[in-house]
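# Examining the three-dimensional arrangement
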Amino acid sequence: MSASRARSIAISILSLVAMGVPGCGDLLQEPDTGKLPARLAEVSGNGQTAAAGATLAQPVRVRVVDPAGLPSPGLWVEWSVVVGAGKVSPRNSFSDEDGVAETTWTLGPAPGLQTIRAFVRKGQPMTFDATATAVVP
């Protein structure tokens, strides 16, 4: 395959991921860099309350750190809904130079406790909770 064809395919995939086309984030895989296991530390976004179906006011943020507690930039963080049928966007993000990765969380349609999960390869997942309140007509 030519370099220009490969570049064209890569741009197409990245465009689909950026548009949030379901399942396209799975086409990209974090390379195995051989880094030691990382862990996640909560930065912000846990414990928010909003109306069912609403997007939370604050993004959910984690810091990826190495075993010594130093920030780990460039690591792939996967976000997923565990309870509540909401959505996160993006579903995958890279940690920045400070080790921080974030997503925006839209709550599901039912009132009650809802949960999302952040996961980094070779590390333990972390969960975040939010409360969805009933929508008053």
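Summary of the structure given here. As the structure is a prediction and not an experimental result, all values here were calculated from the model.

What follows deals with the overall build of the protein. Looking only at helices and strands, the protein has one helix and nine strands in total. From first element to last, N terminus to C terminus, the protein shows the α and β order α-β-β-β-β-β-β-β-β-β. The burial tally for the protein puts 31% of its 137 residues in the buried class. Once local pairs closer than 6 in sequence are excluded, the contacts in the protein between residues at least 24 apart make up 55%. Surface accessibility of the protein: about 7800 Å² in total, with carbon and sulfur atoms responsible for 58%.

In globular proteins that are soluble, nonpolar side chains generally tend to be buried together. Ranked by internal contacts, the top residues of the largest apolar core, which has 22 residues, are Val62, Trp79, Trp105 and Phe128. For this core, the secondary structure elements donating two or more residues are β3 (60-65), β4 (76-83), β7 (100-106), β8 (112-120) and β9 (126-133). With four residues, the top contributor of residues to this core is β9.

Turning our attention to the environment of Val64. Relative to the helices and strands, Val64 resides in strand β3. Sequence spacing of Val64 and Trp76 is 12 residues, and the spatial spacing of their C-alpha atoms is 9.3 Å. Excluding its chain neighbours within four sequence positions, the residues that come into contact with Val64 are Ala38, Arg39, Leu40, Leu70, Pro71, Ser72, Leu75, Val77, Ser95, Gly99 and Val120.

Further remarks concern the packing of aromatic side chains. One pass over the structure, following the stated rule, counts two aromatic pairs. Aromatic side chains Trp76 and Phe94 sit 4.7 Å apart centroid to centroid with 75 degrees between the ring planes, which places their arrangement in the edge-to-face category. With Trp76 in strand β4 and Phe94 in strand β6 (residues 92-94), the pair connects residues that are 18 residues apart, well separated along the chain. With a relative accessible area of 45%, Phe94 lands in the partly exposed category.

Turning next to the environment of Gly69. You can see Gly69 is positioned in the loop between β3 and β4. Residues Gly69 and Ala38 lie 31 residues apart in sequence; the distance between their C-alpha atoms is 8.9 Å.

Conventions we followed
All residue numbers refer to position in the chain's written sequence, counted from 1. Per-residue local features are limited, in this predicted model, to residues with pLDDT of at least 70; the limit for side-chain atom pairs, both in listing and counting, is 80 or more; totals at the level of whole chains, interfaces and linings are taken over all residues. Only hydrogens and water are removed before side-chain values are computed, so all heavy atoms of the structure are retained for them. Helix and strand definitions here come from DSSP, where helices need a minimum of 4 consecutive H or I residues and strands a minimum of 2 consecutive E residues; each element is numbered from the N-terminal end. Buried means the residue's accessible area, taken with a 1.4 Å probe over protein chains only, is under 20% of the maximum for its type, while exposed means over 50%, and partly exposed covers the values in between. Throughout, a contact is declared for two residues whenever any of their heavy atoms are within 4.5 Å. Only the protein chains shown count as cover for residues, with accessible areas throughout obtained via the Shrake-Rupley method and a probe of 1.4 Å. The nonpolar core is taken to be a set of buried Ala, Val, Leu, Ile, Met, Phe, Trp, Tyr and Cys residues, with the residues joined through side-chain atoms within 4.5 Å. Stacked, tilted and edge-to-face are the three classes assigned to paired rings of Phe, Tyr and Trp, where Trp is represented by its six-membered ring and a pair needs centres within 6.5 Å; plane angles under 30 degrees give stacked, over 60 edge-to-face, the rest tilted.

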